[in-house]
Amino acid sequence: MKKLDKFDMVICGVGGQGVLTVAGIVARAALVEGYNIKAAELHGLAMRFGALETHLRFGNNIHSPLIKSGEADLIISLEPVEAVRASRYSNNDTNYVFDQKEFIPNVVHREKKKYPGVKEVVKTLKEFSPKGKVFDIPASDLARKEFGNVVAANIVLLGKAVGEGLLPLKKQSIFKAMEQVLPSKFLEPNKKIFEVGFKLK
Amino acid sequence: MARTHRVVELKGKKVILLGNEAVVRGALEAGVGFASAYPGTPSSEIPDTFHAIHENLKQLGSYFEYSTNEKCAMEAAAGAAFSGVRSIVSMKHFGVNVASDSTYPLAFYGVKGGMVIVTADDPGCWSSGQSEQDSRWFARIGHMPMLEPSDPQECKDFTKLAFDISENLGVPVFIRLTTRVSHVSGIVNLDKIPKPKAKGRFTPDTKWQTLPPLLLKRHIELHGLMKKLQALAEKDKKLNYVSNKDAKSDFGIIANGVTYHYVMEALKNFNLKIPVLKLGLAWPLPEQTINSFIKGLKKVFIVEELEPILESDVKRLAKDVNPKLNVLGKDLLCYSGEYRTDLIEKGLGVILKKKVPRKPSCLCEDTLGKIAIKRPATFCPGCPHRSTFYAVKQESPKDAVFGGDVGCYVIGIFKPFEMQDWLISMGAGPGISHGIAKVSDQKVIAFVGDSTFFHGAMPQLVNIVFNKSNPMVVALDNRITAMTGHQPNPSTGITGMGEQVDPLKIENIATAFGMKDVAVVNSFNLAQVRTKVKEYMVKDTSTFIVSRGDCRLRYMRLMRHKGVKVPVFEIDKNKCTKCGECLYNFGCPAIHREEPNGDFYIDPDFCWGCSVCGQLCPEKAMRVKQDKK
């Protein structure tokens, strides 16, 4: 077993995008590799298209289920602006993988505000985390193309994070975990869509 | 073949469970025969898990139900326990308020089978909008023990233990959870699930002890029972224990529930070894254990979320055993909101005069605030509530009063609707509306959901009829308890054990109550809703409209599983005048304005095909989008 003190990861997005599914997969993959895990999920009102944040910690020395600000090793976001919201957990080395697909809240239109574009988000994250890597990928577009639906964008992002070595877990462990949590009829398509993210350049 | 649910995996396995799921496993391992609940976040996955494993429950011979409200759930579980069957009942903290009338006498009456009452608090109000309540008081008022697990493994272990304590003392036992216990996943070691004793027999041998004079004698007895448990608990090393016991320090920390893990994380980050007393028994307090912990200390730091209950108890105990002890707590932490490692570190930094350890960060709070635009919860695309609120608003006078209640429709409190003038409790929409209608000439319109109607609004409706007031009550019937995660209720047609049952029709009940004007409309038919609202708006008696439309989120999930594609809409740019009715006054999250040209468009990924935007568009600019292929 690898000696890993702790790995702290935030998975965030908009309620309903499949944030909890990714957290469930990563947690079980970490168990497959023999780590202790703690994951804090948020349910309830936050599900109705509000901002949603899940904390996932694994390693051999973890206590709190919530990540301390400035401690996140990796932030996976299903929406650009949500990646910035989660950056309060970032430090100079935090890595990011996020979906380029924007989900503009109605309040932006009603109050005639400007919604930050992907470019501005990337610039901001690079400022916040000068030594980290920032990947913005068209996860929703790829999911729609391969899966016929944007709901699988979360798995594309996960594939990218593992493919880039930003998440210290093996692909085989992720697949084992998928077998435990996904409905059997969605298993193979999800493995396929994971590979799309994994191999994405 | 269906996969085995992780909660019923075999003995000896290590599985990842949510705190709430672990409570269910604990109950199963304790041989629970009867489970009841009314869903309420953060407790909702307890009933949902029982529901998900209803086939296993059938095999075991045990039973689960979604009760009509928490009081019904409490009474049902009490009935099972009175008959000698182990029972568990779960709810969120507000639920115990509803059930309290039947809860507080339970210890006086006593139980034969072990009875466990689970209450889930929500520090920080992540999913609660009425008050920020601390459930620990319930145990003290009701003379019932209360255990506080801190993680999923303890959720399982403490639930099991609670059944034993309950049977040993003959009173129900509380399990108190908080959001970060209920909704935290962790590794749980599984033990055996025995065949439960699911059949009991009620024998009327109780001694009239809820009537005086026996009631008064029983009151004294209950204090004795708590003393008995106190004595037992002093010896239990799993329930209450000291970490870093051997550390030489005249400073100590006392923590309960999840805060213990924040404390341990903070100490790790400071690289400090300080003794920490973790209390798993919230009531009765293990006073000897606390006394021997604080005896030799100069300072003690109490880390508890919400009310300073432990803090005042420790101050009281210190008067006898260590009068000079400096008891620190809330002044360095916070009375409101949930705790985090950061907050504990700040407090410890002040006490120990140490710099809080932090990784180097270039984070700029100002930039973060500017870019991370607020994203309030909103009705889903295609939500029947949005359509109903829109229609009612169109037909309402400017000074109309909108009675708010508890359900997904609280989101109607936000723009563009602003049609939930209060949020007090389940049933208080119609209930408070009645009082306003009695003293004001304004038109009062009260909203109530289907589950809320059955839960707590029926006596209110009778009161409106009996005492002759004139609110318009709009029942938002999406035929499911949506907000807490789609639990069936009496209007759904399915029970907790997965059996078919005739759905109760809200309109029939309103009619039976003596309401004269009762109508049913289709939430997705704007003209129909508006016409009926307009007709009833001018009546000077009470009226009742059931706006019926299936929860769209549930409908979309069903369609996806069936592989059915729901048609999506698009906006014909040649017809659209950019008037903004759909975007600003209807506020569907799938509709957007494109920059910089200002064209309106519908995001096909998020249009759930309800068609209501097309009905309200003055230019009829929406049309079904044709697949390009």
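Details of the structure are given in the entry above.
Just so it is clear, the model here is predicted, and its values are computed rather than measured. (Residues numbered from 1 in each chain as written. Chains lettered and ligands numbered in written order. Predicted model: local features only at pLDDT ≥ 70, side-chain atom pairs only at ≥ 80, totals over all residues.)

Draft legend 1. Expanded view of the packing of helix 6 (residues 153-163) of chain A against helix 8 (residues 184-199) of chain A. Residues and elements named next belong to chain A. Where helix 6 contacts helix 8, the two axes come as close as 6 Å, and the packing angle between them is 45°. With respect to their mutual orientation, helix 6 and helix 8 come out oblique. Handedness of the crossing formed by helix 6 with helix 8: right-handed. Across the interface between the two elements, I155, V156, L157, L158, G159, K160, V162 and G163 of helix 6 pack against N190, I193, F194, E195, V196, G197, F198 and K199 of helix 8. Looking at the contact of helix 6 with helix 8 residue by residue, the class counts come to nine nonpolar, four polar and three charged. (Axes fitted to C-alpha atoms, helices over the stretch in contact; angles between N-to-C directions. Helix = DSSP H or I, 4+ residues; strand = E, 2+ residues; numbered from the N terminus. Parallel < 35°, antiparallel > 145°, perpendicular 65-115°, else oblique. Left-handed = near helix turned anticlockwise from the far one by under 90°. Contact = placed C-beta atoms within 7 Å. Nonpolar A, V, L, I, M, F, W, Y, C, P; charged D, E, K, R; others polar.)

Draft legend 2. View of the sheet that holds strand 5 (residues 95-99) of chain A. In space, the eight strands of this open sheet follow the order 6(A)-5(A)-4(A)-1(A)-3(A)-2(A)-8(B)-1(B), with mixed pairing throughout. Strands at the two margins of the open sheet, each flanked by one partner only, are strand 6 (134-137) of chain A together with strand 1 (14-18) of chain B. Across the sheet, the mean angle separating the axes of adjacent strands is 20° when strand polarity is ignored. As defined by bridge partners, strand 5 of chain A adjoins strand 6 of chain A across four bridges and the pair is classed as parallel. Each residue of the ladder has a partner; that of V97 of chain A, found in strand 6 of chain A, is F135 of chain A. Seen against the sheet, helix 1 (residues 19-29) of chain B touches strand 1 and strand 8 (184-189) of chain B and runs at an angle of roughly 115° to strand 1 of chain B. Here helix 8 (residues 152-169) of chain B sits on the sheet in contact with strand 1 and strand 8 of chain B, set at roughly 60° to strand 8 of chain B. (Pairing = 2+ DSSP bridges.)

Draft legend 3. Structural view of the pairing of strand 19 (residues 543-548) of chain B. Residues and elements named next belong to chain B. Across the six residues that make up strand 19, a large majority, six, are buried. Note: strand 17 (residues 472-477) against strand 19, six bridges, orientation parallel. Following the sheet pairing, M472 is matched in strand 19 by T543. (Buried ≥ 20, exposed ≤ 12 C-beta atoms within 10 Å, placed from the backbone.)

Draft legend 4. Inspection of helix 5 (residues 93-103) of chain B at higher detail. Burial runs high along helix 5 of chain B: eight of the 11 residues are buried. Those residues of helix 5 of chain B that sit buried are H93, F94, G95, V96, N97, V98, A99 and T103 of chain B.

Read these as layout, nothing more, since geometry by itself doesn't imply function.
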